[in-house]
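Chain residues, written in single-letter form:
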Amino acid sequence: MDKSHRRRSSLRRRPLTATLTREPHRVGPLADRLNGILASRGIDPGVTAEEPSAEPVTALELADARIPARYRRALADQPQVTAWADEIACAGRPGPGGPGIAEGPSLLIAGPTGTGKTYQAYGAVRDLLSRGVRLRWEATTTADLHARIRPRAGHDAERDLQTLARCPLLLLDDLGAAKTSEWTEELTYRLINHRYEHMLPTLITTNLPTAELRATLGDRVASRLAEMTERVVLTGPDRRRTVPAV
Ligand SMILES: Nc1ncnc2c1ncn2[C@@H]1O[C@H](COP(=O)(O)OP(=O)(O)O)[C@@H](O)[C@H]1O
Ligand SMILES: [Mg+2]
């Protein structure tokens with residue numbers, strides 16, 4: 001293969017935009033040829049491809065990417081929920097990058113289907129992030145939790161459980177809504193008990209009325225929840241049926 005052929009094929013392989021971005025002013029025969037090709041296609045070789053914005057990405061923007069689309073703009077407007085977020089934000093430990101989340105109370109948001117429990121919970125997470133609280137958080141529905149921690153070959157379920165149990169802020173959505181068994185009861189107990197003992201703020205939503213918590217989750221979990229959580233009961237119609245679908 002002659003040299004000029006090799007040069008031509010390497011030019012073809014190289015993506016135009018990359019060449020344009022990295023080497024807009026390179027001199028020499030190769031650059032001259034490239035500039036000629038670009039000019040013949042009506043492209044100004046002096047104009048570089050658009051660079052990614054250098055604007056800093058805020059914690060809220062990063063968090064928004066992890067929040068399910070439906071709740072990405074959620075604003076906690078329930079007074080007890082905003083009061084809880086205030087309390088957690090004020091208790092934050094000072095740190096170089098802003099206050100970090102510390103031990104604190106948990107919040108149990110109860111109410112019938114569609115009253116806005118998950119919305120308020122994500123609203124609270126967003127509230128904390130928008131105040132600059134440094135926050136490592138995880139969110140899961142109870143049904144997903146059961147599926148995720150299910151013992152299966154080649155998967156370290158215990159590590160997953162520990163990640164959720166130790167996370168500085170956990171959103172446990174729809175507690176008591178998934179099918180239960182002795183195994184799920186034990187799993188929920190270990191998760192709640194760890195967070196109870198270490199006083200790790202946990203946002204819990206549930207469809208269950210307080211009186212049914214004990215029967216569904218077991219006395220050990222219900223008793224800990226009674227001590228560790230502040231309670232909000234949402235009422236009203238099912239918003240999914242009354243608000244026009246988006
Ligand atoms: N305060 C609110 N303002 C606007 N939309 C809301 C509000 N609360 C809930 N929604 C919307 O209503 C629907 C049901 O809310 P969701 O939080 O999923 O209910 P739940 O978790 O109680 O079943 C969702 O589409 C949600 O975005
Ligand atoms: Mg929900």
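Residues numbered from 1 in each chain as written. Chains lettered and ligands numbered in written order. Predicted model: local features only at pLDDT ≥ 70, side-chain atom pairs only at ≥ 80, totals over all residues.

Focus on the environment of T142
Part 1 of the argument: By secondary structure assignment, the location of T142 is in helix α7 (residues 142–149).
Part 2 of the argument: Residue classification places T142 among the buried positions, given that 24 C-beta atoms sit within 10 Å.
Part 3 of the argument: Considered as a pair, T142 and T180 are 38 residues apart in the sequence and their alpha carbons are 10.0 Å apart.
Part 4 of the argument: Not counting the four nearest positions on each side in its chain, T142 is found in contact with L172, D174, L175, G176, A177 and A178. (Helix = DSSP H or I, 4+ residues; strand = E, 2+ residues; numbered from the N terminus. Buried ≥ 20, exposed ≤ 12 C-beta atoms within 10 Å, placed from the backbone. Contact = placed C-beta atoms within 7 Å.)

Thoughts on the site of ligand 1
Part 1 of the argument: Around ligand 1 sit 14 residues, and of these G116, K117, T118, Y119 and R239 come closest.
Part 2 of the argument: Counting residues per element, the ones that place at least two in the shell around ligand 1 are α6 (117–130) and α12 (239–242).
Part 3 of the argument: With 3 residues, the top contributor of residues to the shell around ligand 1 is α6.
Part 4 of the argument: Along the lines of polarity and charge, the residues of the shell around ligand 1 split into 2 nonpolar, 7 polar and 5 charged. (Near = placed C-beta within 6 Å. Nonpolar A, V, L, I, M, F, W, Y, C, P; charged D, E, K, R; others polar.)

Some thoughts on the nonpolar core
Part 1 of the argument: Judged by nonpolar contacts, the single largest core of 36 residues is most densely connected at A85, A121, A124, V125, L128 and L171.
Part 2 of the argument: Counting only elements with at least two residues in this core, the list comes to α5 (79–91), β1 (106–110), α6, β3 (169–173), α9 (182–197), β4 (202–206), α10 (210–217) and α11 (219–228).
Part 3 of the argument: The greatest single-element share of this core, amounting to 7 residues, is contributed by α6.
Part 4 of the argument: In this view, L171 contacts A121, V125, W137, A139 and L203; residues no more than four positions away in its chain are not counted. (Core = buried A, V, L, I, M, F, W, Y, C linked by C-beta atoms within 7 Å.)

On their own, these measurements won't tell you what the molecule is for.
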